[in-house]
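Here is how the chains run, residue by residue.
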Amino acid sequence: MTNKTPITIARGDGIGPEIMDATLRILDDAGAALKLEEIEIGQAVYQRGVSSGIEDKSWDSLRRTKVFLKAPITTPQGGGFKSLNVTIRKTLGLYANVRPCISYAPYVETPHPDMDLVIVRENEEDLYGGIEYRQSQDVMSSLKIISRPGTERIVRYAFEYARANGRKKVTCMTKDNIMKLTDGLFHKVFDEIGAEYPDIEKNHMIIDIGAAKIAAYPHMFDIIVTPNLYGDIISDIAAEITGSVGLGGSSNIGIDFAMFEAVHGSAPDIAGKGIANPSGLLLGAVMMLVHIGQGDVAARVHNAWLKTIEDGIHTGEIFRPRVSREKVGTEGFCRAVIERLGQMPQKLKAVNYNGVPPGGMKLPPLKPRKEEKKERVGVDLNMNFDGTPEELAKCVLPCVGEGLELSMISNRGVKVWPKGQPGTFCADNWRLRFMVKEKGTQVRTSQVIALLDRLNKADMNFTKAVMLHTFDGKPGFSAAQGE
Ligand code: NAD
């Protein structure tokens, strides 16, 4: 192969440099035709005061190569630093995070020898928008965003992935019994798009029981598609019960860009000890080779890796005297894989990536949007207040004005006025719902501005206003508990 594919790599933090070094050596010995551009991301960059963890010149490389092999990085907690992983996924539009979780029994000890599932995690939306507010002295909030186009893309990706990979079933997991609008939309779009795939079996599970079933009976699942946060959690559960979180590779796929990495993090507890398992990043790199059209090299690496696992050459976290033959560190494991390049596993199923088209799957365009009639029927105002619901209502009622009514006050999502339950605990941030008095009319902006003005003059401390709309007559806002 003469044409080298340019890719961007980053060695990351913690065990990142060790596992990246091992991975690159294996790829090189396997004959991968790669032209590496290295960028620096993560802790060193954060420490230079770059709060995003990545510098402008690094974006240039990513935009040029469009393919990124990334070792894990350490996300600083708090301190105004944003998660670089989230920034990269969102900036490059990497909407699908694909995480195969496969057990390698009997060679890697696991209570689940028949496990072979793929988690397709939405990668850009949900609570990972990082849109958070301190609403009052005592209350923080985080905004969960689920969009129809974002959901349609990930759900379609899951079904197309199932077809392309000969998989039979797609399970959607949400919490739409509680989050009826956000997760409700995800579930609804799953049903709509799923109907276009009669050849694929499909079902929906509430995420809590779904996660429990993954932990106890992972063989029940084939492909799971789920919003960002649930996907993050269940993919660690699923990867860990295959034998180790260190075994899982992951691809992050967008329309123009793709990033490949391990499921696990930077494992600071074992960094620098030379004992990290490089398999997660290596299997991420295998996915990358398939993506850039080097499926033959991908298969060479993957089969050598399977043979290594099968031969019982294991890093410490999966080493079990009963099933393993030799305990190795990162370096020893890397050498063992290189020695086996060209060999096939005897018992584990060999892989073959012939015929997989480069560049990933091409999805059809989004379905055309059906316009709905949007009417503004009210406004929710958030207010800071120390006192009882009745005291708050007494202060606010004289400010309500023409055409509106105070229909409800809630605290932490629970209705506390009118007719609240006496035992409900109230924090210092309240939500007041003002609705149009006369059915069929709409709230005018001037009415809301006048309301805010009156509240301001009455010294009421409002912090946030959210307009309430109906869409084709259906409320575009949730009711409070007990409303
Ligand atoms: P982690 O995945 O780094 O480690 C969890 C446990 O698994 C640790 O005991 C670790 O030693 C072990 N482990 C992980 N990878 C291993 C490997 N390859 N070989 C052997 N053992 C391995 O999770 P964490 O400790 O919660 O997070 C550490 C840091 O990583 C945090 O700063 C977190 O934000 C970051 N993180 C980054 C990514 C990423 O870059 N994609 C993903 C997850 C977490």
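Think of each chain on its own: its residues are numbered from 1, step by step along the sequence as written. Where local features are concerned, this predicted model is filtered to residues with pLDDT of at least 70; where side-chain atom pairs are given and counted, the filter is 80 or more; whole-chain, interface and lining totals use all residues. Excluded from the side-chain calculation are hydrogens and water; included are all heavy atoms of the structure.

**Re the packing of aromatic side chains**
Turning to step 1, where the next piece is worked out: Any Phe, Tyr or Trp ring, taking Trp's six-membered ring, that has another such ring centre within 6.5 Å forms a pair; planes under 30 degrees apart are called stacked, those over 60 apart edge-to-face, and the others tilted. Counting across every chain of the model gives six aromatic pairs.
Turning to step 2, where the next piece is worked out: For the pair tyrosine 104 and tryptophan 305, a centre-to-centre distance of 5.0 Å together with 80° between the ring planes defines the contact as edge-to-face. Here tyrosine 104 is found in the loop between β4 (96-102) and β5 (116-122), whereas its partner tryptophan 305 is found in helix α10 (residues 295-310), with 201 residues between them in sequence. No difference in accessibility class separates tyrosine 104 from tryptophan 305, as the two residues are buried.
Turning to step 3, where the next piece is worked out: Judged by centre distance (6.3 Å) and plane angle (25°), the rings of tyrosine 157 and tyrosine 161 are stacked. Within this pair, tyrosine 157 and its partner tyrosine 161 are both found in helix α5 (residues 148-164), separated by four residues, close to a single helical turn.
Turning to step 4, where the next piece is worked out: Under the scheme applied here, a residue whose accessible area is under 20% of the maximum for its type counts as buried, over 50% as exposed, and between as partly exposed, the area being computed with a 1.4 Å probe on protein chains only. For tyrosine 161, a relative accessible area of 15% translates into the label buried.
Turning to step 5, where the next piece is worked out: What links up through ring pairs into an aromatic cluster is the set Tyr95, Tyr157 and Tyr161.
Turning to step 6, where the next piece is worked out: For the cation-ring pair, arginine 121 lies above tyrosine 128, with the distance from its terminal atom to the ring centre recorded as 5.3 Å. The helix count covers DSSP runs of H or I at least four residues long, the strand count covers runs of E at least two residues long, and both are numbered beginning at the N terminus. Counting as a charge over the ring demands two things of the Lys NZ or Arg CZ atom: a distance within 6 Å of the ring centre and an angle within 35 degrees of the ring normal.

**A word on the environment of threonine 242**
Turning to step 1, where the next piece is worked out: By the element assignment, threonine 242 lies in the loop between α8 (228-241) and β11 (249-253).
Turning to step 2, where the next piece is worked out: Residue class for threonine 242 comes out buried when judged on its relative accessible area of 2%.
Turning to step 3, where the next piece is worked out: C-alpha separation for the pair threonine 242 and methionine 173, spaced 69 residues apart in sequence, amounts to 20 Å.
Turning to step 4, where the next piece is worked out: The contact criterion used throughout is that any non-hydrogen atoms of two residues lie within 4.5 Å. When neighbours within four sequence positions are excluded, threonine 242 is seen to be in contact with Cys101, Ile102, Ser103, Val108, Glu109, Thr110, Met115 and Leu247.

**A word on the pairing of strand β8 (residues 169-174)**
Turning to step 1, where the next piece is worked out: Extensive coverage of β8 is indicated by the burial of six of its six residues.
Turning to step 2, where the next piece is worked out: Side-chain alternation along β8 places Lys169, Thr171 and Met173 on one buried face and Val170, Cys172 and Thr174 on a second face that is also buried.
Turning to step 3, where the next piece is worked out: A pair of strands is considered paired only if DSSP assigns at least 2 bridges between the two. Two elements, β8 and strand β9 (residues 201-206), share six bridges in a ladder whose sense is parallel. When the bridges of β9 are listed, threonine 171 appears paired with asparagine 203.
Turning to step 4, where the next piece is worked out: Once you follow β8 into helix α6 (residues 182-194) and on to β9, the crossover reads as right-handed.
Turning to step 5, where the next piece is worked out: Sheet topology note: the β8/strand β10 (residues 223-226) ladder contains three bridges and is parallel. When the bridges of β10 are listed, valine 170 appears paired with isoleucine 223. The path from the first strand over the helix to the second decides the hand: if it runs clockwise while the strands point away from the viewer, the crossover is right-handed.

**Some points on the site of the ligand**
Turning to step 1, where the next piece is worked out: Close contacts around the ligand come from 20 residues, with Asn85, Gly265, Ala267, Asp269 and Asn277 the closest.
Turning to step 2, where the next piece is worked out: Here a polar contact is taken to be a pair of N or O atoms separated by no more than 3.5 Å, where protein atoms must pair a possible hydrogen donor with a possible acceptor and residues adjacent in sequence count only if both atoms sit in side chains. Contacts to the ligand include threonine 75, whose backbone N or O atom sits 3.0 Å from an oxygen atom.
Turning to step 3, where the next piece is worked out: Between the ligand and histidine 264 there is a distance of 3.2 Å, counted from a nitrogen atom to a side-chain nitrogen or oxygen.
Turning to step 4, where the next piece is worked out: Values of accessible area rely on a 1.4 Å probe in the Shrake-Rupley scheme; residue burial ignores everything except the protein chains shown. Out of a free accessible area of 810 Å², the ligand has 68% covered by protein chains. Proximity criterion: a residue is near a molecule or strand once any of its heavy atoms comes within 4 Å of it.

**A word on the nonpolar core**
Turning to step 1, where the next piece is worked out: Here, nonpolar core means buried Ala, Val, Leu, Ile, Met, Phe, Trp, Tyr and Cys residues that are tied together by side-chain atoms lying within 4.5 Å of each other. Ranked by size, the top nonpolar core spans 77 residues in total, and within it Leu27, Leu69, Leu289, Val301 and Trp305 carry the most contacts.
Turning to step 2, where the next piece is worked out: Ranked by the residues each element gives to this core, the list is headed by helix α9 (residues 279-291), at nine residues.
Turning to step 3, where the next piece is worked out: In contact with tryptophan 305, not counting residues within four places along its chain, are Tyr104, Leu247, Ser279, Leu282, Leu283, Phe333 and Val337.
Turning to step 4, where the next piece is worked out: The next biggest cluster of nonpolar side chains, apart from the first, holds 27 residues, and it includes Met383, Ala393, Val443 and Val448.

**Digging into the side chain of asparagine 277**
Turning to step 1, where the next piece is worked out: Position of asparagine 277 among the secondary structure elements: in the loop between β12 (258-262) and α9.
Turning to step 2, where the next piece is worked out: A distance of 2.5 Å separates a polar atom in the side chain of asparagine 277 from a polar atom in the side chain of serine 279.
Turning to step 3, where the next piece is worked out: At 2.9 Å, the side chain of asparagine 277 forms a polar contact with the side chain of glutamate 317.
Turning to step 4, where the next piece is worked out: Look past the residues within four positions of asparagine 277 in its chain and what remains in contact with it is Ile19, Gly246, Leu247, His264, Thr315, Glu317, Ile318 and Phe333.

**A short note on helix α13 (residues 445-457)**
Turning to step 1, where the next piece is worked out: Under the convention used throughout, the expected extent of a helix is 1.5 Å for every residue step, that is, one less than its residue count. For α13, spanning 13 residues, the distance from its first C-alpha to its last is 18 Å, which sits close to the expected 18 Å at 1.5 Å a residue.
Turning to step 2, where the next piece is worked out: Every buried residue of α13 is listed here: Gln447, Val448, Leu451 and Leu455. An end-on view of α13 places all buried positions within 95° of arc, on one side of the element. Those residues of α13 that are exposed and aimed more than 90 degrees away from the buried face are Ile449 and Lys457.
Turning to step 3, where the next piece is worked out: Those residues of α13 that are buried are in contact with β15 (374-384), α12 (389-396), β16 (404-411), β18 (429-436) and β19 (461-471). Picture the helix axis, draw a direction to every C-beta atom, and the arc is the one those directions span.

**Here we look at the environment of glutamate 55**
Turning to step 1, where the next piece is worked out: Considering the arrangement of structural elements, one finds glutamate 55 in the loop between α2 (43-47) and α3 (56-65).
Turning to step 2, where the next piece is worked out: With a relative accessible area of 18%, glutamate 55 lands in the buried category.
Turning to step 3, where the next piece is worked out: Considering only alpha carbons, one finds glutamate 55 and alanine 32, 23 residues apart in sequence, at a separation of 28 Å.
Turning to step 4, where the next piece is worked out: Residues in contact with glutamate 55, not counting those within four places in the same chain, are Val45, Arg48 and Val50.
Turning to step 5, where the next piece is worked out: A polar contact of 3.1 Å, which involves the side chain of glutamate 55, links it to the side chain of arginine 48.

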